[in-house]
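Chains, contacts and geometry: an overview
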Amino acid sequence: MITWMQRHKRWLVITIWISTIAFVGAGFVGWGSYEYGSSSGAVAVVGDRKVSVEEYQREYSSLYRQYSRMYGNQFNQEMAKKIGLPDAAINLAIQKNLILSYADDLGLNVTNEDIAKELVQMPSFIKDGKFDKELYIRVLTQNATNAVEYEKSLKRDLLLQKVESLFNLNPSAVEVTNLSKLLFAQDEVSIKVLDPKSIEIEVDDTILRNYWKTNKIKYMSSNIYRLAISKLPLKMISPTEDELKEHYEKFKTDYKKEDGKIKTLEEAKDEMIKVLSLKATKRDALKKYLALKKDEIKFDATTTIFENDLPFSPENTEEVKNSTVGVVLKPFEASDGYTIVKLIEKMAPKPLAFSMAKDMVKADYLDIKRTEKINSLAKEAMKNFEGENLGFITRTSVDKIKGLNTNESYAFLNKLFVSKEKEGKIEVAGKVVLYKITASKLAADTTNEEKSVKDILLKLQRAELMSSLVKNLENRYEVTSSLDHKE
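Below is a summary of the structure that appears in this document. (Residues numbered from 1 in each chain as written. Predicted model: local features only at pLDDT ≥ 70, side-chain atom pairs only at ≥ 80, totals over all residues. Heavy atoms only, no water.)

1. As for the overall build of the protein chain
Within the protein chain one finds 16 helices and 13 strands. Each of the 487 residues in the protein chain was classed as buried or not, and the buried ones make up 41%. Contacts spanning at least 24 positions in sequence make up 75% of the contacts within the protein chain whose residues lie at least 6 apart. Approximately 28,200 Å² of the protein chain is accessible, and the part contributed by carbon and sulfur atoms is 50%. (Helix = DSSP H or I, 4+ residues; strand = E, 2+ residues; numbered from the N terminus. Buried < 20%, exposed > 50% of the residue type's maximum accessible area, 1.4 Å probe, protein only. Contact = heavy atoms within 4.5 Å. Areas by Shrake-Rupley, 256 points an atom, 1.4 Å probe, with all protein chains shown as cover.)

2. Some remarks on helix α10 (residues 205–214)
Buried within α10 are the following residues: Leu208, Tyr211 and Trp212. The buried residues of α10 occupy an angular sector of 100° when the element is viewed end-on, so they sit on one face. The outward face of α10, more than 90 degrees from its buried face, is lined by the exposed residues Thr206, Lys213 and Thr214. Packing partners of the buried residues in α10 comprise α14 (354–383). (Arc of directions from axis to C-beta.)

3. A word on the side chain of Glu408
Tracing the backbone through its elements, the reader meets Glu408 in helix α15 (residues 406–416). Those residues in contact with Glu408, other than ones at most four positions away along the chain, are Gly403, Val428, Ala429 and Lys431.

4. Some thoughts on the sheet that holds strand β6 (residues 224–233)
Pairing is antiparallel across the open sheet formed by 4 strands, whose spatial order is β7-β6-β9-β8. Each of the sheet's edge strands pairs with one partner strand only, and the pair in question is β7 (301–306) and β8 (332–334). Strand-to-strand twist of the sheet, defined as the mean angle between neighbouring strand axes without regard to direction, takes the value 45°. Of the strand pairs in this sheet, β6 and strand β9 (residues 337–347) are connected by 10 bridges, and their pairing is antiparallel. In the sheet register, Ser230 faces β9, and the bridge partner there is Ile340. In the packing of helix α12 (residues 265–293) onto the sheet, the strands contacted are β6, β8 and β9, and the crossing angle to β9 comes to about 35°. Set on the sheet, helix α13 (residues 314–321) makes contact with β6, β8 and β9; between it and β8 the angle comes to about 135°. (Pairing = 2+ DSSP bridges. Axes fitted to C-alpha atoms, helices over the stretch in contact; angles between N-to-C directions.)

5. As for the sheet that holds strand β13 (residues 479–480)
Read across the sheet, 3 strands follow the order β2-β1-β13 without closing on themselves; strand pairing throughout is antiparallel. Strands with a single pairing partner mark the edges of an open sheet, and in this sheet they are β2 (49–52) and β13. Pairing analysis gives 4 bridges linking strand β1 (residues 42–46) to β2, with the strands arranged antiparallel. From the neighbouring strand, Val45 faces β2, where its bridge partner is Lys50. On the sheet, helix α5 (residues 85–106) packs against β1, β2 and β13 and is oriented at approximately 155° with respect to β2.

So yeah, pure geometry; function would need other evidence.
In structure tokens:
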């Protein structure tokens, strides 16, 4: 299997910094949101260059694989949408084309000889120690591409490498050594961990009820809605093969595997049948909607429900919340068909009864009392501080800290090494860590760390330069989209 990393081993660095730029907020490049379901044409035009749907798909698949490696099996298409992966992919494609347009203006070019030299070095295409054309064609076919498309993509990547090479930096040995000594500086530290959960607080219903009476305003219900509801269950249909083929040709990019690749017609068949069934059910739902609107038929049921318990998607919940009393809302898709809603009455929040608020009241009361006790103990302990001496530690001395788990230890050490105070307290995940620094020293020998520090410094410097370049190119080249904006 060809992966982005295998194909572009020397291009990895520029992929990393461009990916970083693309993820600085969804929509870093402010050209709006796009519909990516088109099966042909360009998703954008940058200068004289067109950004094809294939380019967008390639960037999406690459980013999807990177995040799959980070998150494992829990990463899926739904999570990808939530973190803005589609927007990041199109931003990445556009930013690369900004740089390619810049390369065009500089007169940089990639020859067929350059492409050939790169191909014969790729392990995926080598058999018995040399490039094998039959293997090359077979591997490309297995990955749903061909030599023309692959070499076109490779040419773009090599051109991007040429631009990257213009920004080669070389921090001095003194810079690297000094930064290494600073990053791996050591402090001699004594600590004492105070955990609120270990503090016993007296509590009973009388105490909690008195606290609730004083703080009723904090324990309000959400808005209350009285709704009339009708549902239309999903009606499964049996589309013909021709109907499935026609739908697939129009919307095949909507059906992707977990790795971002487009499914075959057969692989997408069940999903397409459900989509077409939903479409058919929607027609029936619209007929029922019109009848309900004209009061020709009655709603199935009425219900009174708190806003937090509305059983709809976030988008549809907002529509219900913003609707007007008496208005029948158009059918919206639910997990099992379509739902039609009419708002009968909207009631303002009101104080919750003690029985409903009790769990929240108890949690708040315990949190307040434990915090008060912890602060009192911390203040007293700092007067004549006696903690556990950890000896000299660094930012990575996670295993030396008792009373904190690994994540808490990392958080504590990060805060400790940026603190300007020699003693004090640091809050971590609800716990309070008292500390006292008795001595500090720079790292004596950082020989083993200097290579990694140099790599980090190079990436930071290059990322800063490339970020500035992209910002400059945004103003230099016109960027337009040929896709419809999302409504």
